[in-house]
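Residue strings, one per chain:
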Amino acid sequence: MEKHWTLEQIPSLEGKIIIVTGGNSGLGYESVRAFAQKGARVVLACRNLEKGEKAKDEIFRSTSKGIIDVMKIDLMSLDSVRNFASAFKEKFERLDVLMNNAGIMATPNFKTSDGFEAQLGTNHLGHFALTGLLLNQLKASPGSRVVNVSSLAHNSGKMNFDDLMFEKGRKFKTMQAYGQSKLANLLFTYELQRYFEKNNINSISIAAHPGGSNTRLASHFEESGFMKMVSKIARGAMQSAAKGALPQIRAAVDPGVKGGEYYGPGGFMQVFGFPVLVKSNAASYNIEDAQNLWNVSAQLTGVNF
Ligand SMILES: NC(=O)c1ccc[n+]([C@@H]2O[C@H](COP(=O)([O-])OP(=O)(O)OC[C@H]3O[C@@H](n4cnc5c(N)ncnc54)[C@H](OP(=O)(O)O)[C@@H]3O)[C@@H](O)[C@H]2O)c1
């Protein structure tokens, strides 16, 4: 039987440069902490600098290793994504790991500043643009990795290419929108791996999911008193954010990981457990959908690569 993969197996990350989006909270925070503890230089990318600095201070209370740079990115604004990428390029010539982690779930129906449905805009389109804008930095680091954080919710997702943003009369269902965005994370991961291979780029693209982890992700469910209670009970039964972050951390730094792989918890129905190689659903491996998504994402964001 394979030995459980834990933080102890992470090699030294001295000299590595890693970006974690949404690094101030939940799984992103745990990832930043794990990378810093192994000596990496980590860019904690967040939309609220105050929260980012607070998270950095907390991390440095438990470790004196690594370097953390807090930098601003709001994935709901392409201008902000471009500003982040420019600021990053001014400071760093290369990038070893881009962890596209930030996300929202079950939000009401609203639009990003560029007019995208909020969950698709934040969880997929913002990260698609960020990846394209940082391609040269990834290329400058042989063996660099892009890690996209998906979810078990991709199983209920469907790519509705005729109406990606719920604008043509179909009723907005928030978990359908979330499922679509998390399926998009996987389609993008696998298409990005094919793109790297086709263009002889020495980088790999991997996906991961945390099963069910106790973070602030479900806060939109908690707006009514009853749902707050239900959510509190559900959160109590979930694994910790530190455990839930292990699959994405493994995808980012385990030397044995290969491009196009997907990591998730190895326990009951992938809801909890130590990280192992898993399979996503058949829809996520649909090459035509992956190409359609890439083309539409390039068109919508104006980032072509
Ligand atoms: N927790 C789970 O059980 C679970 C299950 C499956 C998948 N996931 C995935 O795991 C990832 C991390 O979520 P989490 O569970 O750690 O939740 P979380 O604690 O709510 O963290 C989400 C992070 O994303 C950031 N974020 C949200 N919108 C953003 C935007 N427009 N621009 C920049 N950053 C933004 C948040 O920033 P603020 O602090 O400013 O809000 C926060 O740092 C998400 O992609 C989620 O879909 C989680």
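All values reported here derive from a predicted model rather than from experimental measurement. (Residues numbered from 1 in each chain as written. Predicted model: local features only at pLDDT ≥ 70, side-chain atom pairs only at ≥ 80, totals over all residues. Heavy atoms only, no water.)

A. Structural context of the nonpolar core. Ranked by size, the top nonpolar core spans 44 residues in total, and within it Ile19, Phe84, Phe88 and Phe305 carry the most contacts. Those elements that place two or more of their residues in this core are strand S1 (17-21), strand S2 (41-46), helix H3 (78-91), helix H4 (118-133), helix H5 (135-139), helix H6 (174-198) and helix H10 (287-301). With 7 residues, the top contributor of residues to this core is H6. Filtering out sequence-adjacent residues up to four positions away, Phe84 remains in contact with Ile19, Val43, Ala45, Met71, Lys72, Ile73 and Leu130. Counting 34 residues, the second largest nonpolar core, distinct from the first, contains Ile18, Val42, Ala55 and Ile204. (Core = buried A, V, L, I, M, F, W, Y, C linked by side-chain atoms within 4.5 Å. Buried < 20%, exposed > 50% of the residue type's maximum accessible area, 1.4 Å probe, protein only. Helix = DSSP H or I, 4+ residues; strand = E, 2+ residues; numbered from the N terminus. Contact = heavy atoms within 4.5 Å.)

B. Looking closely at unusual backbone geometry. Look at Phe166: it is not a glycine, yet its phi comes out positive at around 55°. Of note, Phe166 is situated in the loop between strand S5 (144-149) and H6. The class for Phe166 is buried, based on a relative accessible area of 7%. Phi at Gln270 takes a positive value of approximately 60°, unusual for a residue other than glycine. Tracing the backbone shows Gln270 in the loop between strand S7 (262-265) and strand S8 (275-277).

C. Layout of the side chain of Asp254. Of note, Asp254 is situated in the loop between helix H9 (246-253) and S7. Classification of Asp254 as buried rests on a relative accessible area of 11%. From its side chain, Asp254 meets the backbone nitrogen of Gly256 in a polar contact 2.9 Å long. Once residues lying within four places of it in the same chain are set aside, the contact partners of Asp254 are Trp5, Arg145 and Ile249. (Polar contact = N/O pair within 3.5 Å; in protein donor to acceptor, adjacent residues only side chain to side chain.)

D. Just the environment of Lys258, in detail. Mapped onto the elements, Lys258 comes out in the loop between H9 and S7. Lys258 has contacts with Ile204 and Ile206, leaving out every residue within four places of it along the chain.

E. Molecular detail of the sheet that holds strand S4 (residues 97-100). Spatially, S3-S2-S1-S4-S5-S6-S7-S8 is the arrangement adopted by the 8 strands of the open sheet, whose pairing is mixed. In this open sheet, the two edge strands, each paired with only one partner strand, are strand S3 (67-72) and S8. Geometrically, the sheet is characterised by an average inter-axis angle of 20° between neighbouring strands, direction not taken into account. As paired strands, S4 and S5 are joined by 4 bridges and run parallel to one another. Its bridge partner lying in S5, Leu98 is registered against Val146. Along the sheet, helix H1 (residues 26-37) makes contact with S1, S2, S3 and S4, crossing S1 at roughly 165°. Against the sheet, helix H2 (residues 49-62) contacts S2 and S3, and its axis sits at roughly 170° relative to S3. (Pairing = 2+ DSSP bridges. Axes fitted to C-alpha atoms, helices over the stretch in contact; angles between N-to-C directions.)

F. Seen up close, the pairing of strand S6 (residues 203-208). For S6, the tally of buried residues reaches 6 of 6 residues, placing the bulk of the element in the interior. The side-chain alternation of S6 yields two buried faces, one formed by Ser203, Ser205 and Ala207 and the other by Ile204, Ile206 and Ala208. A crossover links S5 with its parallel partner S6, the connecting element being H6, and its sense is right-handed. One ladder, built from 2 bridges, connects S6 with S7; its direction is parallel. Following the sheet pairing, Ala207 is matched in S7 by Tyr262. (Right-handed = clockwise from strand over helix to strand, strands pointing away.)

G. Focus on the pattern of salt bridges. A full pass over the atoms with the stated rule returns 9 salt bridges. Between Glu191 and Arg194 there is a salt bridge; the shortest N-O distance is 2.8 Å. With a gap of 3 residues between them, Glu191 and Arg194 both fall in helix H6, about one helical turn apart. In this structure, a network of salt bridges that share partners links the residues Arg41, Asp69 and Lys91. (Salt bridge = Lys/Arg side-chain N within 4 Å of Asp/Glu carboxyl O.)

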